[in-house]
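# Summary of structural features
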Amino acid sequence: MDTSGRTPRVVVGVDGSPASYEALRWAVRYARSIAATVDAVAAFELPGAVGWSAPAVDAEFDETQARLAMNDEIQNVLRQVGEVPLEQHLVRGGAADALIAASAGAELLVVGSRGRGGFARLLLGSVSHQCATHASCPVVVVRAGTTGDKDTTDRA
């Protein structure tokens, strides 16, 4: 735990998935219990920005849509579990890289688990696995479909 006198920070990844909603709820409740702020981090990538080309996209439109979706998710969760000091960060790039960077100096990083397994995980990797391996702070992985009353987290 940070003993420097700074307000602790809990970083949480948000992407609109059911696991993301659970992770955000968990992070807000935990942050409230330790008087921390929440940094909600969402990442978006543009098709064709890396690798194979894709049809032309409107980068500003994609960013605007990502920001609106992130704001909707955060507001829905805060209506359910109550307010905490929260900052939103929308980052262009990969989710794992954005969350690992945001974990620097944080008390905790909270991510959702989509449950991808088998061959797809070997090929694509897992954001939660990358975070658990490379984050600068402890990581909690929250599974979708859980309730606030039941501890169904994986700690790394």
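Residues numbered from 1 in each chain as written. Predicted model: local features only at pLDDT ≥ 70, side-chain atom pairs only at ≥ 80, totals over all residues. Heavy atoms only, no water.

### Topic: the overall build of the protein chain
- A tally of regular secondary structure across the protein chain gives 5 helices and 6 strands.
- Traced from its N-terminal end to its C-terminal end, the protein chain shows the element sequence β-α-β-α-β-α-β-α-α-β-β.
- Evaluated residue by residue, the protein chain yields a buried proportion of 37% over its 156 residues.
- Residue pairs at least 24 apart in sequence account for 75% of intrachain contacts in the protein chain once pairs closer than 6 positions are excluded.
- By element, 52% of the accessible surface of the protein chain is carried by carbon and sulfur atoms, the whole surface being about 8,900 Å². (Helix = DSSP H or I, 4+ residues; strand = E, 2+ residues; numbered from the N terminus. Buried < 20%, exposed > 50% of the residue type's maximum accessible area, 1.4 Å probe, protein only. Contact = heavy atoms within 4.5 Å. Areas by Shrake-Rupley, 256 points an atom, 1.4 Å probe, with all protein chains shown as cover.)

### Section: the nonpolar core
- One finds Val10, Val12, Leu24, Val28 and Val110 to be the most contacted residues of the largest nonpolar core, which totals 25 residues.
- Only strand S1 (9–13), helix H1 (18–33), strand S2 (37–44), helix H2 (59–81), strand S4 (108–113) and strand S5 (139–143) provide two or more residues apiece to this core.
- Excluding residues that lie within four positions of it along the chain, Leu24 makes contacts with Val12, Val14, Glu73, Ile74 and Val77.
- Listed in part, the 14 residues of the second largest apolar core include Leu99, Leu109, Cys131 and Ala135. (Core = buried A, V, L, I, M, F, W, Y, C linked by side-chain atoms within 4.5 Å.)

### Remarks on the confidence of the model for the protein chain
- Mean pLDDT over the protein chain works out to 82, with 73% of the residues at or above the 70 mark.
- Element-level pLDDT for the protein chain is lowest in strand S6 (residues 153–155), with a mean of 47, against a maximum mean of 98 in S1.
- Every residue in residues 149–155 is under pLDDT 50, and counting partners more than four places away or in other chains gives 15 contacts. (pLDDT = per-residue confidence, 0-100.)

### As for unusual backbone geometry
- Unlike most non-glycine residues, Ala35 shows phi in positive territory, near 55°.
- Its location among the elements puts Ala35 in the loop between H1 and S2.

### Regarding the side chain of Arg25
- Within the secondary structure, Arg25 sits in helix H1.
- Of the polar contacts made by the side chain of Arg25, one reaches the side chain of Glu22; its length is 2.9 Å.
- Each residue touching Arg25, except ones within four places of it in the same chain, is listed here: Val77, Gln80 and Val81. (Polar contact = N/O pair within 3.5 Å; in protein donor to acceptor, adjacent residues only side chain to side chain.)

### Remarks on the environment of Ser17
- Counting through the fold element by element, Ser17 comes out in the loop between S1 and H1.
- Along the backbone, Ser17 and Arg114 are 97 residues apart, and their C-alpha atoms lie at a distance of 8.1 Å.

### Quick look at the packing of aromatic side chains
- Counted under the stated rule, the structure contains 1 aromatic pair.
- Between Trp26 and Tyr30, the aromatic rings sit 5.4 Å apart at their centres with planes inclined by 15°, giving stacked as the arrangement. Placement of the pair is Trp26 and Tyr30 together in helix H1, with a separation of 4 residues, close to one helical turn.
- You can call Tyr30 partly exposed: its relative accessible area is 25%. (Phe/Tyr/Trp six-rings, centres within 6.5 Å; stacked < 30°, edge-to-face > 60°.)

### With respect to the state of the cysteines
- For the structure on display, the rule yields 0 disulfides.
- Cys131 carries a free sulfur, and the closest cysteine sulfur to it, the one in Cys137, is 9.0 Å from it. (Disulfide = S-S within 2.5 Å.)

### Examining the environment of Asp15
- By the element assignment, Asp15 lies in the loop between S1 and H1.
- Other than its neighbours up to four places away in sequence, Asp15 contacts Ser20, Glu73 and Arg114.

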